[in-house]
Each structure stands twice: as C-alpha cells, then as structure tokens.
Amino acid sequence: MMIFKGSGVLGDQSGVQYCQAMNKGLGVTLNCYAFETDGVLIDTGAHSLRQFFRPFIDQAQPDFVAITHYHEDHTGNAAYCAAKGIPIYMDPLYAEDCNERARYPFYRRLFWGSRPAFSSEKMPETFSSRHFQWRAVQTPGHAADHVSLLNESTGQLFSGDLFVSVKQKVALREENIPETIRSLETILEYDFGEMFCCHAGYVKDGKKKIKEKLEFLTDLTGNVSHLVHQGLSADEIQQELFPKRYPISRFSRGEWDSKHIISSILTDIG
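In this report, we go over the structure that sits alongside the text. (Residues numbered from 1 in each chain as written. Predicted model: local features only at pLDDT ≥ 70, side-chain atom pairs only at ≥ 80, totals over all residues. Heavy atoms only, no water.)

Under the criterion given, the structure shown has 12 salt bridges. Across the pair Arg182 and Glu179 runs a salt bridge, and its minimum N-O distance is 3.9 Å. Of this pair, Arg182 and Glu179 both sit in helix 6 (residues 177-187), 3 residues apart, which is roughly one turn of that helix. Its relative accessible area of 28% is what places Glu179 among the partly exposed residues. (Salt bridge = Lys/Arg side-chain N within 4 Å of Asp/Glu carboxyl O. Helix = DSSP H or I, 4+ residues; strand = E, 2+ residues; numbered from the N terminus. Buried < 20%, exposed > 50% of the residue type's maximum accessible area, 1.4 Å probe, protein only.)

Here we take up helix 10 (residues 259-269). Taken as a whole, helix 10 has its buried residues at His260, Ile261, Ile262, Ser264, Ile265 and Leu266. Each element contacted by the buried residues of helix 10 is listed here: strand 12 (171-172), helix 6, helix 7 (206-229), helix 8 (234-241) and strand 15 (256-257). Just beyond helix 10, the residue with positive phi is Gly270, at close to 85 degrees. (Contact = heavy atoms within 4.5 Å.)

Before going further, it helps to spend a moment on the layout of surface pockets. Its volume calculated, the largest pocket comes out at about 800 Å³. As for the largest pocket, its lining consists of 33 residues, of which Leu30, Val164, Val170, Ile248 and Trp256 are closest to the centre. Contributions of two or more residues to the lining of the largest pocket are made by strand 3 (28-37), helix 2 (72-75), helix 5 (106-112) and helix 9 (247-251). Residue composition of the lining of the largest pocket, grouped by class: 16 nonpolar, 9 polar and 8 charged. Looking at the second largest pocket, its volume works out to about 220 Å³. Residue lining of the second largest pocket: 13 residues in total, with Tyr70, Asp97, Ala102, Arg103 and Arg115 positioned closest to the centre. A per-class count over the lining of the second largest pocket returns 5 nonpolar, 1 polar and 7 charged. (1 Å grid on protein atoms, 1.4 Å probe; cavity = no way out; pocket = protein on both sides within 12 Å on 5 of 7 lines; lining within 4 Å. Points joined across faces, edges and corners; volume = space filled by probe spheres on them. Nonpolar A, V, L, I, M, F, W, Y, C, P; charged D, E, K, R; others polar.)

Spelled out as structure tokens, the structure:
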C-alpha cells in the first residue's frame, strides 16, 4: 500500500522542500524522502512512488540532481529527470550499473519498483548552486558509493542513508559497519546542524544524532569483540545481541538481517 505523506518546507532555515511517501506491506513500513534546495534535487525517490515524486520534481524545477548512492529508492526517478534534461551527478563507482535497468530481488522491486536506466556525470568534491557552496563527503558503509552532501553555506547536511536511525538493528548484506563508523567519524569533522535523512526525514540536531549513532555502533563493535574472544560463534553473538527477528529479514530472504552487522564487524576484527 502506497501512502503519500506530503510535501512542503522543512527545517528552521528556509528553502528546503521535501516530498515524503511510504510503502506499507508484509509487516514493514518504509519511508522515502527526496529534497530540493537552491536548485539542487537531492535523490529522486523510488520508481514505485513516481506518482508522488514526479510532480514534486516538476514543481521544484531543479538545476541538477545530486545522488547520495545508487540504491533504487534514491535513483528511481533519475531517468525521469534525465529525460527532462536535468543533469545528474553521483559517485562514479556504480555509474555503469545505472546505465542498465536495475536487477535486484523481487521484494525490492515490489517496494521500490524496477529502476529505469539512466546516465550520470561524476559528482565533484565541491560545487556551487544558485547561492550556496557545497561539499560531497565520501561516507561509504551503507553502500560503497555513498556520499553525504553538505551545504557549507547554511550548515545543512543531506545524509542519504548514513544516519536512518540511532540504533541500527538490521543491515543489507553489502553493508560494512566498520566503514560506517569511519564515515560517521569523518562527517563529524564538518560543521553542520540540521540534517535531512532520506528515511528519517528532518532531524533538527543532526550532529547530536550522528554522535549517538557513532556511540551505539562503537559500543556494539566492542560487545562483538568481547563475545568472540569469549569463544562465541557469529550465530551465538547474533542471538545474544539481536535476539529479535524482524519481518524484513524474512521476506528479503536474509538480504536484510542483523547477522550482516555481526559478520562485517568480525571481518574487520580479523
């Protein structure tokens, strides 16, 4: 079931427009946001929710699109933007993959649709919009190509999927938690306040929440290290730290699971 939550302006500082829509089904509710400010469209929403995101894109009339990472809930309407002549910028790591229609498991097509192919240009490290100066900060972990977009003029951070929540309970198979920790440490070196997350939406004190997530994952890493040195297996550590099994783990057939949090930490420990 698709639900349109709305659009408008977010934040204490003016100028950030948003579109929020969600999918509900199989015991899971998934929010999806796209943002626009000063002519920059940050991510494009999911193709399955195009009836909501395309009017938002038409109304916003962005000068260009900045993609935080290649996942289909962020790039689902990039082809629509390209067809309208709007330039698209993203990290080049998965640019060739995005030149073809996305291939991924059925449950992801069910929720986010089948992302059409699109072409992009390389995201510059720094760039300008109509009035502001921006920096694209490499923040891999959730995805290898993930970048966070910092409006250096306003101190607003567009964090893609770097944050999502403080207490992470599941992860994609491709996620790397130690990399996420390093990325959280990296982003904290910059000056920002408000944060705009593509799933949590507007976060007033973004730096505080990033610090809380870093503390949670750092403590979690310490607990995993302690338990493995006590002789526990990965499955036993998962049962100790994440005893609850979530619906997304079942219907994704394990692509989303807490075990990926444990395994990526154990790989880094060595």
